[in-house]
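One letter stands for each residue in the lines below.
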Amino acid sequence: MSGRLAGLRVPMRRSIRAGAAGLLGLSLLTDLVAPGITPAAETPVVNEVQDLLQISAEQRRRLVRGEVVSYSVTENSERELAVGFAMIVPVPMSEIADYLASGQLIAQDDSISDFGAVPDEAPTGNLVGPRFSRGEREEAEGLLVVSAGTRFNLSLAEIEALRTVRGSADSSAKTAAVEIASDAYRRLLHQRAQAYRQGGLAAIAPYARTGGAVTDPAVDLRLAAADAERLARLGPELHEALLRYPAAQPPQMVNHFYWIKRRVQRRPHVSLLHRMVVAGSGSIVHVERYFYVGHSFNANEILTGAFAHRDGTLVFSINRVSTDEVLGVGNQLKRTIGRTQVRDETRARLDRLQAFVMRPRPTQSQSP
């Protein structure tokens, strides 16, 4: 059971291709600069945010003492696992803002084995994502004989499209089959990305399951958008932006799109990421919305916010993962194990943030 639930680690702790995470951080930083963020004194907004997060008085005292606090987050469905963490980092708001705005939450993720930006405009039939490697031939061949189920997250139309290329793969050498599967899957990823960019959540095609059932990741992402309401006066506008993308976008919001490759449950795993950052005076909000994932789970949204605090910067994160793997017999045990895994990964993200911004800085030598 735990082997199946290992796929809930988002991100997984895997070794990566050297330099990939650092390069991702640089590419994210190129187009994003947090505007006008200053280390303002604590305002009533901070207390309001803590109230909305339902952080108790005792937990607030622990935060001030430098502890990382886990707080309760209501799960929206039987498929969802959700956790929340908060901490106060004794550094100016501007340093946390730089970390989030430059994409370091993702760049410091050592589970990423490959990545790439999804172009803004690309012709029909364009390819997005990585190719299957020679060592991933079994995965590629499995894709070409896919049917409705949980082995791959695909719509009925996508399954039918893969069937149309199956004949040419059957008559080709094994290496050619890998190339054919790579092209077919990358074309599918492009279509998913373009549909979402043009139509938002309403344009996400549900995943076909056995017996004519479907799993719709858009349902989970719509529910996850309500976490924006915990941002006090910033919440309503961001909530609306999350629900209505690409419409109703605040002028200060910056959007980036990437494909991300990891290994999940010992299989190659490709996802499509919509990264949103909205920054203002004394606050910054960073949203990671995985609107397509290849297998093992259905969708993932991580909201990380930071607000100027009298003791430094209040940082909190809410991580929601939707997966069919916690359904069925033994679901309570599955949920407990899965939630622990999501909690460990979320805590690790904040630990990396804290270690990065509080790292020793070289002192400048003065001339005699």
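Starting afresh in each chain, residues are numbered from 1 along the sequence in its written order. In keeping with the model being predicted, local features are shown solely for residues with a pLDDT of at least 70 and side-chain atom pairs are shown and tallied solely at 80 or more, while totals for entire chains, interfaces and linings include all residues. Only hydrogens and water are set aside when side-chain values are computed; all heavy atoms of the structure are taken into account.

J.: Honestly, the layout of surface pockets in this entry has me stumped. Any pointers?
T.: To locate leftover empty space, one rolls a probe as large as a water molecule over the atoms. Whether a set of points on the 1 Å grid over the protein atoms alone is a cavity depends on a 1.4 Å probe fitting there but being unable to get out, while an open set qualifies as a pocket with protein on both sides within 12 Å along at least five of seven lines; lining residues are those with an atom within 4 Å of a point. Grid points are joined across faces, edges and corners, and a volume is the space filled by probe spheres set on the points. Estimates place the volume of the second largest pocket at around 270 Å³. Forming the boundary of the second largest pocket are 17 residues, of which Ala157, Glu158, Ala161, Leu188 and Gln191 lie nearest the centre. Runs of H or I in DSSP of at least four residues are treated as helices and runs of E of at least two as strands, each being numbered from the N terminus. For the lining of the second largest pocket, the elements supplying multiple residues, two or more each, are helix 8 (156–170) and helix 9 (174–199). Residues are sorted three ways: Asp, Glu, Lys and Arg are charged, Ala, Val, Leu, Ile, Met, Phe, Trp, Tyr, Cys and Pro are nonpolar, and all the rest, Gly among them, are polar. Within the lining of the second largest pocket, the residues separate by chemical class into 11 nonpolar, three polar and three charged.

J.: Is there a simple way to think about the pattern of salt bridges in this case?
T.: Charged atoms that come close allow side chains of opposite charge to pair. A pair is scored as a salt bridge if a Lys or Arg side-chain nitrogen falls within 4 Å of a carboxyl oxygen belonging to Asp or Glu. Following the criterion strictly, the structure yields 27 salt bridges and no others. Two residues, arginine 62 and glutamate 67, come together in a salt bridge whose shortest N-O distance is 2.9 Å. Exposure categories follow from relative accessible area, calculated using a 1.4 Å probe and restricted to protein chains: below 20% of the type maximum is buried, above 50% is exposed, and the middle band is partly exposed. Among the residues examined, glutamate 67 registers a relative accessible area of 29% and is labelled partly exposed. Aspartate 227 is paired through a salt bridge with arginine 320; the nearest N and O atoms lie 2.6 Å apart. Of the two residues, aspartate 227 is situated in the loop between helix 10 (217–224) and helix 11 (235–244) and arginine 320 in strand 10 (residues 312–322); the sequence distance between them amounts to 93 residues. Relative accessible area serves as the criterion here: at 5%, arginine 320 is assigned to the buried category. Each of Glu58, Arg61, Arg62, Arg65 and Glu67 takes part in one network of salt bridges that share partners.

J.: Explanation requested: helix 11 in the structure shown.
T.: An α-helical turn contains 3.6 residues, so any two residues separated by three or four positions project in the same direction. Looking only at helix 11, the buried set comprises Gly235, Leu238, His239, Ala241 and Leu242. Projected onto a plane normal to the axis of helix 11, the buried residues spread over an arc of 160° and lie on a single side. Each element contacted by the buried residues of helix 11 is listed here: strand 6 (253–264), strand 7 (267–280), strand 8 (283–293) and strand 9 (299–309). Directions pointing from the helix axis toward each C-beta atom define the arc. Note on definitions: a residue-residue contact is assigned when non-hydrogen atoms from the two residues lie within 4.5 Å.

J.: Is there a simple way to think about the environment of serine 296 in this case?
T.: Note on placement: serine 296 falls in the loop between strand 8 and strand 9. Side chain to side chain, serine 296 and histidine 295 meet in a polar contact 2.7 Å long. Here a polar contact is taken to be a pair of N or O atoms separated by no more than 3.5 Å, where protein atoms must pair a possible hydrogen donor with a possible acceptor and residues adjacent in sequence count only if both atoms sit in side chains.

J.: Explain empty space enclosed by the protein to me, please; I cannot follow it from the model alone.
T.: Taken as a whole and judged by the stated rule, the model has two cavities of 30 Å³ or more. The computed volume of the largest cavity comes to approximately 110 Å³. Together, 14 residues line the largest cavity, and Phe132, Tyr185, Pro268, His269 and Val270 are the ones closest to its centre. Of all the elements in the fold, those that place two or more residues in the lining of the largest cavity are helix 7 (137–144) and strand 7. The leading source of residues in the lining of the largest cavity is strand 7, at three residues. Of the residues belonging to the lining of the largest cavity, the class tally is seven nonpolar, three polar and four charged. The computed volume of the second largest cavity comes to approximately 40 Å³. What lines the second largest cavity is simply Glu80, Asp220, Leu221, Ala224, Ala299, Asn300, Glu301, Arg320, Val321 and Ser322. Counting only elements with at least two residues in the lining of the second largest cavity, the list comes to helix 10, strand 9 and strand 10.

J.: It is not clear to me how unusual backbone geometry should be interpreted in this structure. Could you clarify?
T.: Where the residue is not glycine, phi is negative for most of them; where a peptide bond is considered, it is trans in most cases. Following tyrosine 245, the chain continues to proline 246 via a peptide bond in cis, the omega torsion being 10°. Within the chain, alanine 232 stands out as a residue other than glycine whose phi angle is a positive 60°. Residue placement: alanine 232 occurs in the loop between helix 10 and helix 11. The exposure class assigned to alanine 232 is buried, which follows from its relative accessible area of 8%.

J.: Would you take a moment to explain the side chain of histidine 269 for this structure?
T.: Along the polypeptide, histidine 269 turns up in strand 7. Histidine 269 sits in the buried class, given a relative accessible area of 1%.

J.: How should the environment of aspartate 114 be read in this particular structure?
T.: Structurally, aspartate 114 is set in strand 3 (residues 114–117). Its relative accessible area of 23% is what places aspartate 114 among the partly exposed residues. Sequence separation between aspartate 114 and proline 130 is 16 residues, and the spatial gap between their C-alpha atoms is 7.6 Å.

J.: Quick question: what am I supposed to make of the packing of helix 5 (residues 93–101) against helix 12 (residues 331–357) here?
T.: The angle between the axes and the distance between the axes are what describe a pair of packed helices. Where helix 5 meets helix 12, the closest approach of the two axes is 10 Å, and the angle between their N-to-C directions is 125°. The angle between helix 5 and helix 12 places the two elements in the oblique class. Here helix 5 and helix 12 pass one another in a crossing that is right-handed. For the pair formed by helix 5 and helix 12, the contact residues are Glu95, Ile96, Tyr99 and Leu100 on the first element and Arg352, Leu353, Phe356 and Val357 on the second. For the contact of helix 5 with helix 12, the class distribution of residues is six nonpolar, no polar and two charged. Every axis in this analysis is a line fitted to C-alpha atoms, fitted for helices over the stretch in contact. Angles between the N-to-C directions lie between 0 and 180 degrees. The labels follow the angle: roughly parallel below 35 degrees, roughly antiparallel above 145, roughly perpendicular from 65 to 115, and oblique for the rest. We call a crossing left-handed when the near helix sits turned anticlockwise from the far one by less than a right angle, and right-handed when that turn is clockwise.

Geometry only, nothing functional implied.
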